[in-house]
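Observations on chain architecture
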Amino acid sequence: MKTSLGTHITWDVYNCNAKAISFIPKVKTVLNAIVEELQLSKVNESFKQFEPIGVTGFILLEESHVSIHTWPEYQFAAVDIFSCKHFDAEKIQKLLMSSFSSNKVIIKQIERGDAIDVITKEFN
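An account of the accompanying structure is given in this report. All values derive from a computational prediction rather than experimental measurement.

Points about the packing of aromatic side chains
Summed over all chains, the structure comprises 3 aromatic pairs. For the ring pair Trp11 and Phe87, a centre distance of 6.4 Å and an interplane angle of 40° mean the geometry is tilted. Note that Trp11 is positioned in strand 1 (residues 6-14) and Phe87 in the loop between strand 5 (76-83) and helix 2 (89-100), a separation of 76 residues in sequence. Of the two residues examined, Trp11 and Phe87, each falls in the buried class. Ring geometry for Trp71 and Phe76: centres 5.7 Å apart, planes at 40°, overall tilted. Of the residues examined, Phe76 reaches a relative accessible area of 16% and is grouped as buried. Linked through ring pairs, Tyr14, Trp71 and Phe76 together constitute an aromatic cluster.

Here is the structure:
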């Protein structure tokens, strides 16, 4: 039985190869690989290149979103996925570690809207 409206998972990716997270082309490829790996439905995407380095990117999905923020000067990337479709967080961890040459990732998971049923009952 589903107990939430969606799952929001974050990956704090440490010790990244700074070149891999510095510019849009590589970061965009990785975010789109996540969408493909999880068989999600892309609606639109937007990326911002910071000067001299660093990227923020967002892919809007029918199921919700995928986003990334990079700090190459700290060899760090923050990635998150919010989706109403179940997905395997460890698959994404492996993809991120491989793509960014990382050896440390911390994953956090939040179930969103898990109290909807309780709140709805209170208003009936």
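Focus on a nonpolar patch on the surface
On the surface, a nonpolar cluster with roughly 240 Å² of combined accessible area is contributed by Val43, Phe58 and Leu60. Considering the arrangement of structural elements, one finds Val43 in strand 2 (residues 42-49).

Focus on the packing of helix 1 (residues 24-37) against helix 2
Across the interface, helix 1 lies against helix 2 with an axial gap of 11 Å and an inter-helix angle of 160°. Overall, the two elements helix 1 and helix 2 adopt an arrangement that is roughly antiparallel. Crossing of helix 1 against helix 2: the hand is right-handed. Taken together, the residues of helix 2 that come into contact with helix 1 (itself represented by Lys26, Val30, Ala33, Ile34 and Glu37) are Lys91, Ile92, Leu95, Leu96, Ser99 and Phe100. Of the residues belonging to the contact of helix 1 with helix 2, the class tally is 7 nonpolar, 1 polar and 3 charged.

Some details on helix 2
Side chains of residues three or four places apart in an α-helix project in the same direction, reflecting 3.6 residues per turn. With 12 residues, helix 2 should reach 16 Å at 1.5 Å per residue; the first-to-last C-alpha distance of 16 Å fits that figure. Those residues of helix 2 lying buried are Ala89, Ile92, Leu95, Leu96, Ser99 and Phe100. What you see down the axis of helix 2 is that its buried residues fit within an arc of 120°, all on one side. Seen from the buried face of helix 2, the exposed residues on the opposite side, beyond 90 degrees, are Glu90, Lys94 and Ser98. Next to the buried residues of helix 2 lie strand 1, helix 1, strand 4 (64-71), strand 5 and strand 6 (104-112). Where helix 2 begins, one side-chain oxygen reaches toward the backbone nitrogen of Glu90, 3.0 Å away; that side chain belongs to Asp88. The positive-phi residue at the C-terminal boundary of helix 2 is Ser101, with phi of around 55°.

Conventions adopted
- Within any chain, residue numbers begin from 1 and follow the written order of that chain's sequence.
- Thresholds applied to this predicted model are a pLDDT of at least 70 for local features of residues and 80 or more for the giving and counting of side-chain atom pairs; totals over whole chains, interfaces and linings are not thresholded and use all residues.
- Computation of side-chain values covers all heavy atoms of the structure but excludes hydrogens and water.
- Only the six-membered ring of Trp is used, alongside the rings of Phe and Tyr, when aromatic pairs are assigned; centres must lie within 6.5 Å, and planes under 30 degrees apart are stacked while those over 60 apart are edge-to-face, with the rest tilted.
- The numbering of helices and of strands both runs from the N terminus, where a helix is a DSSP run of H or I of at least 4 residues and a strand a run of E of at least 2.
- To sort residues, take the accessible area from a 1.4 Å probe on protein chains only and compare it with the maximum for the residue type: under 20% means buried, over 50% means exposed, and anything in between is partly exposed.
- Like-charged residues within 9 Å of one another, or nonpolar side chains (Val, Leu, Ile, Met, Phe, Trp, Tyr) within 5 Å, are grouped into patches, provided each residue has over 30% relative accessible area and no salt bridge.
- With residues, only the protein chains shown are counted as cover, and all accessible areas are computed by Shrake-Rupley using a 1.4 Å probe.
- Between Lys or Arg on one side and Asp or Glu on the other, a salt bridge is scored when a side-chain nitrogen of the former is within 4 Å of a carboxyl oxygen of the latter.
- As a rule, the C-alpha atoms of each element are fitted with a line to give its axis, helices using only the stretch in contact, and angles between N-to-C directions run from 0 to 180 degrees.
- Should an angle fall under 35 degrees it is taken as roughly parallel, and over 145 as roughly antiparallel, whereas 65 to 115 is taken as roughly perpendicular and any remaining angle as oblique.
- What makes a crossing left-handed is the near helix being turned counterclockwise from the far one by less than a right angle; a clockwise turn instead makes it right-handed.
- Residues count as neighbours in contact if any of their non-hydrogen atoms are within 4.5 Å of one another.
- Under the scheme applied here, ten amino acids are nonpolar (Ala, Val, Leu, Ile, Met, Phe, Trp, Tyr, Cys and Pro), four are charged (Asp, Glu, Lys and Arg), and all others, including Gly, are polar.
- Expected span, for any helix, means 1.5 Å times one less than how many residues it has.
- Taking the helix axis as origin, the arc is that swept by the directions to the C-beta atoms.
- Throughout this description, a polar contact denotes any pair of N or O atoms lying within 3.5 Å of each other; where both atoms belong to protein, one of them has to be capable of donating a hydrogen while the other can accept it, and for residues adjacent in sequence the pair is counted only when both atoms sit in side chains.

None of this, on its own, says anything about what the molecule does.
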